[in-house]
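# Results of the structural survey
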Amino acid sequence: MQTATSSSPGAQSPAESELAQLIVDSLNIDWIKAEAIAPDGPLFGAGDLGLDSIDALELALAVSKRYGFQLRSDNPDNKQIFGSLRALAAHIETHRATR
Amino acid sequence: MSEHWRERKEGGGRFAISLILAIGLRCGRGVARLCLYPITLYFYFRRPYERRVSYAFFARIEGRRPSLWRVLQHIHRFAGTLLDRAFLLAERYARFEVQMHGLDALIERMRPDRGVLLLGAHVGSFEVLRVATIGHPEVKLRVVLDTQKTPALTELLHSLNPQIGLGVIDASRPGSEIVLAMSEALAEGTLVTLLADRVRGDEQTVAVEFFGAPALLPVAPFALGGILDVPVVLCLGMYRGGNRYDLHFEPLADGLPRARKERDGAVRALAQAYASRLEHHVRLDPCNWFNWHDFWNPQGRGVDRHQPAAERSDAVARDAA
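The structure presented is a predicted model; accordingly, all values stated were derived computationally and were not measured. (Residues numbered from 1 in each chain as written. Chains lettered and ligands numbered in written order. Predicted model: local features only at pLDDT ≥ 70, side-chain atom pairs only at ≥ 80, totals over all residues.)

## Some remarks on the overall build of chain B
- Looking only at helices and strands, one finds 13 helices and nine strands in chain B.
- Of all intrachain contacts in chain B linking residues separated by at least 6 positions in sequence, the fraction that spans at least 24 positions is 76%. (Helix = DSSP H or I, 4+ residues; strand = E, 2+ residues; numbered from the N terminus. Contact = placed C-beta atoms within 7 Å.)

See the structure below:
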């Protein structure tokens, strides 16, 4: 469902790399480096990261701490928002309370 | 019989379920309970998989093949609790005699800004928990329930009390949404209840010792307490026959470690504590065990009673050796 954006498919934007670092740090991920997370790759289930529901919860807590807003369970766009690093970073950029 | 239990259809169908509930709510629980005898026989003959599961369960925990009477009693108890769910959801509480155990321990742990995670199991009736909240409209309760596992039953029961449908966190949604919904509810001081004895899909598992043999439990229910910093309390509504229930609350853990590094050990310890207490309660009254699949080998083909014990790798075979 991702539409093409201005950035190239393999490279992380500054916002994406900041989020990638937050993911790696908050979830103690040691099998992949933050800069190696593919912006369009899946975060959850099968894939390089393979996060599960518990990771989602911890990530949501880390996001709320860092960016000052809550990822909500009842957001109808959750499937898309949690779909990739790029989508999650874009969602955060739109809603973040702290800069 | 290679059919996997997860794909097993609901027994009886929508018409039969609505009929028995209609009889119950119109003519009273006593009349509806008379219907449980033919239902029990129907289930015994038409559901061979569940019948074998029942035989194998009693053989495992009691070390010998159960009598026909015992298996029929098991099915009858199960049907009885399903019928009672209708009365509990319709808020006709007066007819039930529910003995509370450990309610004070739960109340001590409740705060307006921080709920409690209640871990239940597929035993007895979780619904009697609603009786504990009678006269306390300020107590908020949300139940994590897979509405897709028994859609006809869930729809009917929730039509009895639409308010209760709103309190359900649908476990058929993606895992990340379930845990976020639980987190939001717990942050508002809600009691969030979850049945912790069933693994969904390919979620992470933790091995525990249960009735002398290894069994797998899901990791998530035992990790949530630490991540969300809420107390974890065991909650079992055991059915004693007739109109009697015992509702047990037992604190399992307070102040679980938040850090990931310490969590694995804490999850294992908590899962084992849960399994040990569950075993204790099931051993006292095995007819309350309502996991109608091979709990110790959920990916297996089910239980074959013609299989010689020597070829089985389960606890019964090991004990006999």
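More follows now that the structure is in view.
## What about the packing of helix α2 (residues 53–67) of chain A against helix α11 (residues 220–228) of chain B?
- Taken N-terminus to C-terminus, the directions of α2(A) and α11(B) make an angle of 15 degrees; their axes are 10 Å apart at the nearest point. In terms of orientation, α2(A) lies roughly parallel with respect to α11(B). In this structure, α2(A) meets α11(B) at a crossing whose hand is right-handed. Of α11(B), the residues touching α2(A) (which contributes A:Ser53, A:Ile54, A:Leu57 and A:Glu58) are B:Ala220, B:Ala223 and B:Ile227. (Axes fitted to C-alpha atoms, helices over the stretch in contact; angles between N-to-C directions. Parallel < 35°, antiparallel > 145°, perpendicular 65-115°, else oblique. Left-handed = near helix turned anticlockwise from the far one by under 90°.)

## Details of the interface of chain A and chain B
- Taken residue by residue, the interface counts 14 residues in chain A and 16 residues in chain B.
- Per-element accounting of the side of chain A that touches chain B gives the leading share, six residues, to α2(A).
- When grouped by side-chain class, the residues that make up the side of chain A that touches chain B number seven nonpolar, four polar and three charged. (Nonpolar A, V, L, I, M, F, W, Y, C, P; charged D, E, K, R; others polar.)

## A closer look at the packing of helix α4 (residues 48–62) of chain B against helix α5 (residues 68–89) of chain B
Residue and element names in this part refer to chain B.
- Axis separation between α4 and α5 bottoms out at 10 Å; the angle between their running directions is 115 degrees. Note that α4 runs across α5; the crossing there is right-handed. Touching Arg51, Ser54, Tyr55 and Phe58 of α4 are Arg70, Val71, His74 and Ile75, all from α5.
- Its residues assigned to classes, the contact of α4 with α5 comprises four nonpolar, two polar and two charged.

## What about α5(B)?
Residues and elements named next belong to chain B.
- In this model α5 runs 32 Å from its N-terminal to its C-terminal C-alpha over 22 residues, within 8% of the 32 Å that 1.5 Å per residue would give.
- With 16 of its 22 residues buried, α5 lies for the most part within the structure.
- Once α5 finishes, Glu91 follows within two positions and takes phi at roughly 60 degrees, a positive value. (Expected span 1.5 Å × (residues − 1). Buried ≥ 20, exposed ≤ 12 C-beta atoms within 10 Å, placed from the backbone.)

## Side note on the pairing of strand β6 (residues 205–210) of chain B
Residues and elements named next belong to chain B.
- Burial of β6 is one-sided: the residues Val206, Val208 and Phe210 facing one way are buried, the residues Thr205, Ala207 and Glu209 facing the other way are not.
- Note that β6 and strand β7 (residues 213–218) share six bridges and pair antiparallel. The residue bridging Thr205 from the neighbouring strand is Pro218, located in β7.
- Between β6 and the antiparallel strand that follows it, β7, lie two residues; Phe211 among them carries a positive phi value of about 50 degrees. (Pairing = 2+ DSSP bridges.)

In short, shape yes, function no, at least from these values alone.
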